[in-house]
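Tertiary structure, described
Next come the chains, spelled out residue by residue.
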Amino acid sequence: MRLFTHNMLSSNIKGVANGFPLRIEAEQVLEKQVDFNPDFLRNLFPKLEWKALVDGARALGYAELPEAADSSMLESEEFLRKVHHALLELHLEEGALTCPETGRKFPVNKGIPNMLLHEDEETSLQLPGSLGSHMLVRITGKQ
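Residues numbered from 1 in each chain as written. Predicted model: local features only at pLDDT ≥ 70, side-chain atom pairs only at ≥ 80, totals over all residues. Heavy atoms only, no water.

The protein has the name Multifunctional methyltransferase subunit TRM112-like protein in an unreviewed UniProt entry, where Salix suchowensis is given as its organism.

Spelled out as structure tokens, the structure:
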């Protein structure tokens, strides 16, 4: 799992108000080279939760990102390369993601986070349906 993905994940356990960011517990981290694309990073930057990225990178053993960042830094290739490495080249291969509110651990195996809920944690989502109505979808931990 890349930190790009981690920056978008949150705990959806019923009743959880503060499910982001998930804390990372790394057992195995891989580095996989990805082509550098500065324009992609510049477009993505405003959508990132910076503190979550910095904390996630540190949990994976990478401490090269500054504590704070702003759009003026996007002109620096050195800065963009550090962001690129953290977001796209570091992979949590084995470990867990922990809900900051409940402490519930979601395992990560072979780079895939398992965010399935236990039956007692299930919640409901309203998704847009046809003609402006809504469909009720139950999310459960059943496979």
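Inspection of every chain in the model, using the stated rule, returns four aromatic pairs. Look at Phe-45 and Phe-79: their rings are 6.3 Å apart centre to centre, the planes differ by 75°, and that puts the pair in the edge-to-face class. Taken together, the positions of Phe-45 in the loop between helix 2 (38-44) and helix 3 (50-59) and Phe-79 in helix 4 (residues 77-89) put the pair 34 residues apart, joining distant regions of the chain. An aromatic cluster of three or more residues is present, and its members are Phe-45, Trp-50 and Phe-79. Arg-81 extends its terminal NZ or CZ atom over the ring of Phe-36, reaching a point 3.9 Å from the ring centre. (Phe/Tyr/Trp six-rings, centres within 6.5 Å; stacked < 30°, edge-to-face > 60°. Helix = DSSP H or I, 4+ residues; strand = E, 2+ residues; numbered from the N terminus. Lys NZ or Arg CZ within 6 Å of the ring centre and 35° of its normal.)

Ordered in space as 1-2-3-4, the four strands form an open sheet in which the pairing is antiparallel. Two strands in the sheet have a free side with no partner beyond their single neighbour: strand 1 (23-31) and strand 4 (112-113). Where strand 1 lies against strand 2 (residues 90-98), eight bridges are found, and the strand directions are antiparallel. Each bridged residue has a counterpart across the sheet, and for Leu-30 the counterpart in strand 2 is His-91. In the packing of helix 4 onto the sheet, the strands contacted are strand 1 and strand 2, and the crossing angle to strand 2 comes to about 65°. (Pairing = 2+ DSSP bridges. Contact = heavy atoms within 4.5 Å. Axes fitted to C-alpha atoms, helices over the stretch in contact; angles between N-to-C directions.)

Following the sequence through the fold, Ser-11 ends up in the loop between helix 1 (3-6) and strand 1. Residue contacts for Ser-11: discarding those within four places in its chain leaves Val-16, Gly-19, Leu-22, Cys-99 and Phe-106.

With that settled, the discussion passes to the confidence of the model for the protein. Taken residue by residue, the protein gives an average pLDDT of 89. The fraction at 70 or more is 85%. Contacts for the low-pLDDT stretch residues 125-143, under 50 throughout, to residues beyond four places or in other chains number 34 contacts. (pLDDT = per-residue confidence, 0-100.)

Take the environment of Pro-38 next. Here Pro-38 shows up in helix 2. The exposure class of Pro-38 is partly exposed, given its relative accessible area of 26%. Residues Pro-38 and Leu-74, spaced 36 residues apart in sequence, show a C-alpha to C-alpha distance of 8.6 Å. (Buried < 20%, exposed > 50% of the residue type's maximum accessible area, 1.4 Å probe, protein only.)

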